[in-house]
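Residue strings, one per chain:
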Amino acid sequence: MWQLYLKELLELTRDRRVMMTMILTPLVIMPALMAIGAGATAAIASSKQQQAINYEVRGELDGYSVVAALNKQKGLQRQTLAPDLSPQEALQQGTVDIVLEVSGEMPNATWLLHYNGAEVFSRGERLVERVKADLAKSWHRKQLAQQGMTDDQQDQWLEPIKLQKQSIADERETIGEAIGGILPYIMLLVALSGAIYPAIDIGAGEKERGTLETLLMLPLTTAELVIAKIALVATTAFVAAALMLISLTGWSAAAAYGLGIEVVQEAMQSFQIVDLMLILLTVMPACVIFASLMMAISFYARSFKEAQNYMGFAFTIPFLPLLLASLPGIEMDFVWAMIPLSNVALAIKELAKGTMNWGYLVLIWLNAGFIAWVLAKLTIGWCQREQVLFR
Amino acid sequence: MMRVENLSKRFKVDKKANVPKDRLDGKWFQALSNISFDAKSGEVIGLLGANGAGKTTTLRLLSGILKADSGNIETDLASAEGDSRDYRRQLGFLSGSKGLYERLTVRENLNFFARSYGLTSEQTNQQIDKLSQQLNLSDFIDRKVIELSTGMRQRAAIGRALVHDPQLVIFDEPTTGLDIVATEQVLSCIEQQKQAGKTVLFATHHMDEVQLLCDRILVIHQGQRNFFGTEAEFLSQYQADSLVAALRGCLQLGVAK
């Protein structure tokens, strides 16, 4: 069995497609894609920040000057529209970014803001909110001054409750919460993609090339043969996931120290090798789960191409538990610790934050290990069937 | 020595499967029925039959890949029943697909199969050296299989099948697609195995090869044994003056009385 494992490993290392998915994807392609995505988003956001916002104000302007207040904001530029042009038409034409219709006097003034809510980087709404708050505050001060209040008294009236914030979360937890949503998703999907090609190659591929029959003639039981293949696919999945983690850590450190981002530097200093080891240990049973599923499908397929078709579908199966685990508000508890793959994703998130409960971690290892064992057992039974091997 | 008794095998097939209706029993297709024969040490048995007759199923059963529904397969030392690992250790199989890993070198292929059959590192190296000389592999033994010509691959595949020095060797249409030089090398190898006292089972469609090498002939037709005996008995049985004519008669007339 060990000889078979070593042979498969040697063979796979000579396959460029495997090297692509197992090594290049986590080390270069994924970080590059993430960097390009982040860079593009930052560039668009920065460009939007620098763009002037064109606005028009319509309605009653007596008593206070909305236009004057808006003009005090940086990056706002008034446009005068034809009186018969509706705000909707003006927005659709792109002549303006916002149209504000004002009516009435404070304290009974009403503003109607027309804007495009679908624009992700739109600043118009925020600026109008700020202007509204400034105008309301100055009106309040005027009213309070008429009552004979001093500036300090006005401040107390305007802000009767002062909220002071003291977060118990350190930088590690804050950053961990931010990356914890996406880290398990990326790691497990890279593990899955690292498993797919080797699984097809050593299952359906062997059937197609006629070498599977030769293997079945070796003095090995079919169970030993399948175990060796599951072990190999789990290895490639694990190597891909481990390289992804190492790559992300390396690139993050390079970015944090290269760009001098102190918060990230402090967060990274609180990470220890043992944290990374625990994350990898948690990923391990997930890799066996993926390997078992992929080998069962691969052995069932008649050819390489047929296996590829099935894998497209199989690739979607782990999405739901991973997606559920990455939703905001989902926290680790007993129920989530028992849901396969979701529990692994949540454990990675908690480990990234440094807030893992050891009881849950052990429970997750036991649960994921048990599921992996059951799936491997089912796959072995499945692949021992002549109807599967000789379809 | 090898003894096969009443070997039967059936497969579950779906409705759309293109199989002969007369061998269909509900969802089950009777691939083989009560096949029996024996082969002595140093004897070459020629396995003949039309496509779909059951030759591949017979060979898969003999190689231990498939399990028979009933019947026995035995050699001097082991049985294919139950845990058939001891049986498979005595078996070498050369199929049309060669069974070589293309991304590995010939040496790596031979090394993997030898070690998997339980040879020590030293025994493996000795066997590889021996086969390298016998089969003239030395010129390309450290090249990847994917880079080799068809003839080279076939020699390497023979080496793969013989690397653990098996007592029973099965050749499944080993000369299909080969040029005359490569064909002669394969036939010469079969002759060498016979001389070395191995039991050889040889499936082929080429009657000249049967005439050249085989001591006895086994004809399978529609999953049943139609004939088993020497060439002379085969010709006499079907009153033919050539193997082709005898085979044609055998396949048309059915089971010999």
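Residues numbered from 1 in each chain as written. Chains lettered and ligands numbered in written order. Predicted model: local features only at pLDDT ≥ 70, side-chain atom pairs only at ≥ 80, totals over all residues. Heavy atoms only, no water.

The subject of this paragraph is the confidence of the model for chain B. When pLDDT is averaged along chain B, the result is 87; 98% of the residues meet or exceed 70. When mean pLDDT is compared element by element in chain B, helix α3 (residues 106-116) of chain B scores highest at 95, while strand β2 (residues 24-25) of chain B scores lowest at 78. (pLDDT = per-residue confidence, 0-100. Helix = DSSP H or I, 4+ residues; strand = E, 2+ residues; numbered from the N terminus.)

One can read the domain layout of chain A as domain 1 (2-32 + 170-389) and domain 2 (55-158). Distance from the C-alpha centre of domain 1 of chain A to the C-alpha centre of domain 2 of chain A: 53 Å. (Domains from an automatic or database assignment.)

Here the focus is the packing of helix α1 (residues 2-13) of chain A against helix α11 (residues 222-258) of chain A. Residues and elements named next belong to chain A. Taken N-terminus to C-terminus, the directions of α1 and α11 make an angle of 40 degrees; their axes are 9 Å apart at the nearest point. Considering the angle they form, α1 stands oblique to α11. α11 is crossed by α1, and the crossing has right-handed handedness. Residues L4, Y5, E8, L9 and L12 of α1 pack against L225, A228, K229, A231, L232, T235 and T236 of α11. When grouped by side-chain class, the residues that make up the contact of α1 with α11 number eight nonpolar, two polar and two charged. (Axes fitted to C-alpha atoms, helices over the stretch in contact; angles between N-to-C directions. Parallel < 35°, antiparallel > 145°, perpendicular 65-115°, else oblique. Left-handed = near helix turned anticlockwise from the far one by under 90°. Contact = heavy atoms within 4.5 Å. Nonpolar A, V, L, I, M, F, W, Y, C, P; charged D, E, K, R; others polar.)

What follows deals with the sheet that holds strand β5 (residues 70-75) of chain B. Residue and element names in this part refer to chain B. Strand order in the open sheet made by the four strands is β2-β3-β1-β5, with antiparallel pairing throughout. Every interior strand has two partners, whereas the edge strands, β2 and β5, have only one. Taken together, the five bridges between strand β1 (residues 2-12) and β5 define a ladder with antiparallel strand orientation. Bridged to E5 within β5 is N72. Against the sheet, helix α1 (residues 55-63) makes contact with β1, β3 (28-39) and β5, and its axis sits at roughly 120 degrees relative to β1, the strand it touches most. (Pairing = 2+ DSSP bridges.)

Residue and element names in this part refer to chain B. Of the two faces of strand β6 (residues 91-94), the one carrying L91 and F93 and the one carrying G92 and L94 are both buried. Pairing analysis gives four bridges linking β6 to strand β7 (residues 168-172), with the strands arranged parallel. In the sheet register, L94 faces β7, and the bridge partner there is F171. (Buried < 20%, exposed > 50% of the residue type's maximum accessible area, 1.4 Å probe, protein only.)

Throughout the structure, instances matching the rule amount to 13 aromatic pairs over all chains. Taking the centre distance of 4.7 Å and the plane angle of 35 degrees together, the rings of F227(B) and F234(B) count as tilted. Grouping residues by exposure puts F227(B) and F234(B) together as buried. Grouped by ring-pair contacts, the aromatic residues Y300(A), Y310(A) and W382(A) constitute a single cluster. Directly above the ring of W28(B) sits R10(B), whose terminal nitrogen or CZ lies 4.3 Å from the centroid. (Phe/Tyr/Trp six-rings, centres within 6.5 Å; stacked < 30°, edge-to-face > 60°. Lys NZ or Arg CZ within 6 Å of the ring centre and 35° of its normal.)

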